[in-house]
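Structural description and commentary
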Amino acid sequence: MKKILSLCLILVLVISLVACKGGSSEETTVEGGTDAGTPCVALISDVTEVSPGETVEVALHIKNSQYTACFDIYVYADEKLAFEKARTIEGDTGLILAANHLEDETGEYVAVRGMVASTCDVMDNVISRITYTVSQSAVSGDKIALNMQIPAYQLGVDESGNEVYSVTDSVIVNNLILTVK
């Protein structure tokens, strides 16, 4: 029964996200805080130094996103990281979330998608946790990059969600670099 419900929710999510149009955004790394009203999406980890064979968990964190309507966030990991699992953190945002490991002509990535029937505030929330294993071939000093692309990010004019607009090109993106010990 849970599988059927999950599949129905994913189908609703995919259909709803078709309406979330947005241009492509360039990968950027920004340090520091956010401007008022500008969503900030960051990859964070408790560790920045890793060892070959070690498992590392990366959190996808969103801050300063009032009246969030929907988003697509793609997380690309360096080939020295092997994907293990991804899970979403429902929390108190009201978002319907999905995290899927995918592969296409651009490479392997984790697609984290969120949507809500009206809007919700995502002011300081971890929405997904992605687990990777560091390759045994990684050597001391290697830099391992995790980068995001955000093809769609929409906010509502108010909490109703009746009117939305794209902020895809203005989202602040904080990528993550891990260093092999």
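A brief structural summary. All residue numbers here refer to positions counted from 1 along the written sequence of the relevant chain. The predicted origin of the model limits local features to residues at a pLDDT of at least 70 and limits the giving and counting of side-chain atom pairs to 80 or more, whereas totals for whole chains, interfaces and linings rest on all residues. As a convention, hydrogens and water are excluded, and side-chain values are obtained from all of the structure's heavy atoms.

1. What to know about the overall build of the chain
Only DSSP runs of H or I with at least four residues qualify as helices, and only runs of E with at least two residues qualify as strands; both kinds are numbered from the N terminus onward. Assigned secondary structure in the chain consists of one helix and 10 strands. Walking the chain from its N terminus toward its C terminus, one meets helices and strands in the order α-β-β-β-β-β-β-β-β-β-β. When checking whether two residues touch, look at their non-hydrogen atoms; a contact exists if any pair is within 4.5 Å. Excluding contacts between residues fewer than 6 apart, the proportion of contacts in the chain whose partners are at least 24 apart in sequence is 79%. Note on areas: Shrake-Rupley, 1.4 Å probe, and residue coverage restricted to the protein chains presented here. Carbon and sulfur atoms make up 51% of the accessible area of the chain, which amounts to about 9,600 Å² in all.

2. A few points about the nonpolar core
Think of a nonpolar core as a cluster: buried Ala, Val, Leu, Ile, Met, Phe, Trp, Tyr and Cys residues, connected wherever their side-chain atoms sit within 4.5 Å. To sort residues, take the accessible area from a 1.4 Å probe on protein chains only and compare it with the maximum for the residue type: under 20% means buried, over 50% means exposed, and anything in between is partly exposed. Counting 35 residues, the largest nonpolar core has V41, Y132, L146 and Y153 as the members making the most contacts within it. Counting residues per element, the ones that place at least two in this core are strand 1 (40-44), strand 3 (55-77), strand 6 (107-134), strand 7 (143-156) and strand 10 (176-180). Broken down by element, this core gets its largest block of residues, nine residues, from strand 6.

3. Considerations on the environment of S65
Residue placement: S65 occurs in strand 3. Taking C-alpha positions, S65 is 5.5 Å from M123, a pair spaced 58 residues apart along the chain. If we ignore the near neighbours within four places in the chain, the residues touching S65 are P39, C120, D121, V122, M123, Y153 and L155. Pairing of N or O atoms within 3.5 Å defines a polar contact, subject to two protein rules: one partner must be a possible hydrogen donor and the other a possible acceptor, and residues neighboring in sequence count only if both atoms are side-chain atoms. Only 2.7 Å separates the side chain of S65 from the side chain of Y153, close enough to count as a polar contact.

4. Let's talk about the pattern of salt bridges
When a carboxyl oxygen of Asp or Glu lies within 4 Å of a side-chain nitrogen of Lys or Arg, that pair is called a salt bridge. Counting across every chain of the model gives four salt bridges. With a shortest N-O distance of 3.8 Å, R87 and E57 are connected by a salt bridge. Here E57 lies in strand 3 and R87 lies in strand 4 (residues 81-88), a separation of 30 residues in the sequence. Overall, the relative accessible area of 40% leaves R87 in the partly exposed class.

5. Here's the deal with a negative patch on the surface
Like-charged residues are merged into a patch within 9 Å and nonpolar side chains (Val, Leu, Ile, Met, Phe, Trp, Tyr) within 5 Å, provided each residue has over 30% relative accessible area and no salt bridge. Counting rule applied: Lys, Arg positive; Asp, Glu negative; His and chain ends not counted. Here the site of a charge means NZ on Lys, CZ on Arg, CG on Asp, or CD on Glu. On the surface, D121, D158, E159 and E163 cluster together into a patch of negative charge. Structurally, D121 can be placed in strand 6. Using a relative accessible area of 37% as the deciding quantity, one classes D121 as partly exposed.

6. Some details on the environment of V180
Counting through the fold element by element, V180 comes out in strand 10. The spacing of V180 and V139 is 41 residues in sequence and 6.3 Å in space, taken between C-alpha atoms. Those residues in contact with V180 that lie beyond four places of it in its chain are V50, P52, A138, V139, S140, G141, D142 and I144.

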